[in-house]
Each structure stands twice: as structure tokens, then as C-alpha cells.
Amino acid sequence: MKTVQVLLAAYNGEKYIRSQIDSIMCQQGVQVSVLARDDGSKDDTWEILSSYAQKFENMIVYRGKNKGAAGSFFDLLIQTDTTFDYYAFSDQDDVWQKDKLLRALERLEEEKNRKHLPLLYASKVICASCDLKDERDAPYSTYRGALFGNALVENICMGCTQVFNKELLDLVRGHLPDGDIMHDWWMYLTAAYFGRVIYDDQAHMLYRQHENNQIGMQSCWYGRWKNRLLHLPQLRSRLSQQTVIFCKAYEGLLNKYDRNVELLKEICSYRNSISHKMRLVTDRRIYRQNKIDDVLYRLLFLIGYL
């Protein structure tokens, strides 16, 4: 069986973390190991992690200073053992179906001719109530592929679904972002530029919705748009700054003749003139999955907001 190390970031997760770890340990068809990091919890999370580490030989836990979700996952990438076949991110409050990792590995193993490339698997999720009694499909769809033009302006690869190979691990470990960027978006950007992203429309995990979700998922269009409007101020200059950080992190590895470098340059310098803005706005290689979102973001680029 293929080996997978699950990288679990925990913070004040005493309420749900047991069920998540139990679901990881019950994965079928793979040899699983867990590396869990406590991000300075103030509840009993560390005690729970320690008790599981004593119970299972295939679980290692450690504590660190509070770095937030992204910082904690980046630290896990640095601390992980590099001898595994594959790696996966895990949040602390979800529940995985027994074939979650096996499904990901089957899709990754299909890329036999690309195994030397950085590979990333991600999938849809099943939204569930905090007690897991109510389930519904995630309210989004992917109309176009998980390509670099999409990764520049949108992250469709939720971290809790991501599974990746050693090539992507090594690449990211050597080029961590110098800025405030979410770990899962960084993985998507990196894999989409240097390798391949496999997006699975089938869901194999329950994404628990509760009051402490750092990033929730609203069930109705009104809730989704209200949430977007509330977070609109946080988007100011974010995408262009993130693109600049990507260019700096991978400086020397970017092929100046590659078409994707053109996309990077477009976003990095689009504010220089109205002609640059118009060229970006009309470039169909850069896109969001939702058509209304796509139009809105083009308007925001036109006024220089992003």
C-alpha cells in the first residue's frame, strides 16, 4: 500500500478533533501516518492530541507558537518526514469518508507519465451541520479546469481536500511565501504553474459547518454574496500582491518564454496604464469559475482594486 502522511493543524479544537482523527485512522487501502501541530491552544486540544499519540504509533504531535492556520500548515510542511509517497492536509473539525485518501491516490496514480511533476489533488466537499445530521452538496461548481489562469484569481482547491506528491512538497518547502498567503492557495498556484492539478467533482469528506469555522460555506445565494461584500475590503490589492510574492519566491525557476509568465506580468503591472488594465480585463486565460464572479472581478481589475 502507498504511504500517506496527514498534516493536521489544530487550535482550540477540543470539541470536534477526536472524530476527525478517528476518521483519519480508519482510512482504507492506504498506510496512513499523522503529524499534528498544536498552534498554542488554550483548551484541551493538546491533551487530546497527546493521548492519541500515546495510543497510535503512527501519530506524532508537537506544539508551537500561535501562527494562525496558514502559518501552522507551512510549519507542518517544514517538519514533515520526506520519505512518504504522498501527503495530505487536514483540518481539525471535519470527518473523512473511509475512501477519502484512497480515491485521491487512485487519481494521482493515474498520472503515470507525469509522476516526476508536482501533482496536487483536490475535490469538492459535502457540507454538514455541526452534529453531522444534515448534509448537502457544496453550493459551487467548476465550469472550467483547475489551471494557472484560475489559480491567479481564485482558490478552488480547499486545503482540507488536498493530497499531493513529494515533488510538490519539496518544491514548496524550498520556496515558502514571504507574505500573508493561505497555504492551500499557495499549493494550488505552485502545482498549477509547475505541474498538474487534479480536481475531483466527487466529494469524499464531510465539511463541518459550525460557529468557529475560519472559512465557512453559506448555503444560499444571499448568504454567499453578503459574505463576499463583507470581505471585499480585504481584497484590495491582494491578488496583485500575491502574484508579486509568487514571482519573488520562484525567481530563477520561471521560464520567461512560458505563457503563464505573461499572465504573471499582466497582473503584477496591470495598474501601470489603462491599456494594461484593458489587456488584463479582456484576457480569457485568467478566469473565475462562476460567470457572475468572473465579470465582477474583471470590473474590479478595471478600476485597479485587485
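(A) Highlighting the pattern of salt bridges. Counted according to the given criterion, the structure contains 15 salt bridges. The salt bridge partner of Arg 37 is Asp 39, with a shortest N-O separation of 2.7 Å. Across the pair, Asp 39 and Arg 37 agree in class, each one buried. Lys 67 serves as the salt-bridge partner of Asp 75, at 3.3 Å between the closest nitrogen and oxygen. We classify Lys 67 as partly exposed; its relative accessible area is 47%. Taken together, the salt bridges that share partners define one network made up of Arg 37, Asp 39, Lys 67 and Asp 75.

(B) Representation of the packing of helix H9 (residues 238-249) against helix H10 (residues 259-268). At a minimum axis separation of 8 Å, H9 and H10 run at an interaxial angle of 135 degrees. As summarised for this structure, H9 and H10 are arranged oblique, according to the angle between their axes. Considering only the axes of H9 and H10, their crossing is left-handed. Seen from H9, the contacting residues are Leu 239, Ser 240, Thr 243, Val 244, Phe 246 and Cys 247; seen from H10, they are Leu 264, Ile 267 and Cys 268. Here the contact of H9 with H10 is composed, by residue class, of 7 nonpolar, 2 polar and no charged.

(C) Quick look at the side chain of Gln 92. Structurally, Gln 92 is set in the loop between strand E4 (86-90) and strand E5 (95-96). Classification of Gln 92 as buried rests on a relative accessible area of 14%. Polar side-chain contacts of Gln 92 include one of 2.7 Å to the backbone nitrogen of Tyr 11. For Gln 92, the contacting residues outside a window of four places in its chain are Ala 9, Ala 10, Tyr 11, Asn 12, Gly 13, Tyr 16, Ile 17 and Gln 20.

(D) Seen up close, the sheet that holds strand E10 (residues 196-200). Pairing is mixed across the open sheet formed by 7 strands, whose spatial order is E3-E2-E1-E4-E9-E6-E10. Each edge of the open sheet is held by one strand with a lone partner, namely strand E3 (59-63) and E10. When the angles between neighbouring strand axes are averaged without regard to direction, this sheet yields 20 degrees. Direction of pairing for strand E2 (residues 31-38) relative to E3: parallel, over a ladder of 5 bridges. Looking at the pairing, Asp 38 lines up with Arg 63 of E3. Across the sheet, helix H4 (residues 100-109) touches strand E1 (3-10), E2, E4, strand E6 (119-123), strand E9 (163-165) and E10, and the angle it forms with E6 is around 135 degrees.

(E) Highlighting the nonpolar core. In this structure, Phe 164 and Trp 186 are the most contacted members of the largest nonpolar core, which totals 57 residues. Tallying contributions element by element places helix H7 (residues 183-194) first for this core, with 9 residues. Not counting residues up to four positions away in its chain, the partners in contact with Trp 186 are Phe 74, Val 172, His 175, Leu 176, Pro 177, Ile 181, Ile 245, Phe 246, Ala 249 and Tyr 250. In terms of nonpolar packing, the next biggest core, distinct from the first, is built from 35 residues, Val 30, Val 32, Cys 127 and Ile 198 among them.

(F) Focus on the pairing of E4. The buried fraction of E4 amounts to 5 of the 5 residues, a majority that puts the element mostly inside the structure. Of the two faces of E4, the one holding Tyr 86, Ala 88 and Ser 90 and the one holding Tyr 87 and Phe 89 are both buried throughout. Of the pairings in the sheet, the one linking E4 to E9 comprises 3 bridges and is antiparallel in character. Note on E9: the bridge partner recorded for Tyr 87 is Phe 164.

(G) Examining the packing of helix H3 (residues 68-79) against helix H6 (residues 166-173) more closely. Packing of H3 against H6 leaves a shortest axis separation of 10 Å and a crossing angle of 110 degrees. Relative to H6, the element H3 lies roughly perpendicular. In this structure, H3 crosses over H6, and the sense of that crossing is left-handed. Contacts between H3 and H6 involve Leu 77, Ile 78 and Gln 79 from the former and Leu 169, Val 172 and Arg 173 from the latter. Residues that form the contact of H3 with H6 fall into these classes: 4 nonpolar, 1 polar and 1 charged.

The rules we used
Residues numbered from 1 in each chain as written. Predicted model: local features only at pLDDT ≥ 70, side-chain atom pairs only at ≥ 80, totals over all residues. Heavy atoms only, no water. Salt bridge = Lys/Arg side-chain N within 4 Å of Asp/Glu carboxyl O. Buried < 20%, exposed > 50% of the residue type's maximum accessible area, 1.4 Å probe, protein only. Axes fitted to C-alpha atoms, helices over the stretch in contact; angles between N-to-C directions. Helix = DSSP H or I, 4+ residues; strand = E, 2+ residues; numbered from the N terminus. Parallel < 35°, antiparallel > 145°, perpendicular 65-115°, else oblique. Left-handed = near helix turned anticlockwise from the far one by under 90°. Contact = heavy atoms within 4.5 Å. Nonpolar A, V, L, I, M, F, W, Y, C, P; charged D, E, K, R; others polar. Polar contact = N/O pair within 3.5 Å; in protein donor to acceptor, adjacent residues only side chain to side chain. Pairing = 2+ DSSP bridges. Core = buried A, V, L, I, M, F, W, Y, C linked by side-chain atoms within 4.5 Å.

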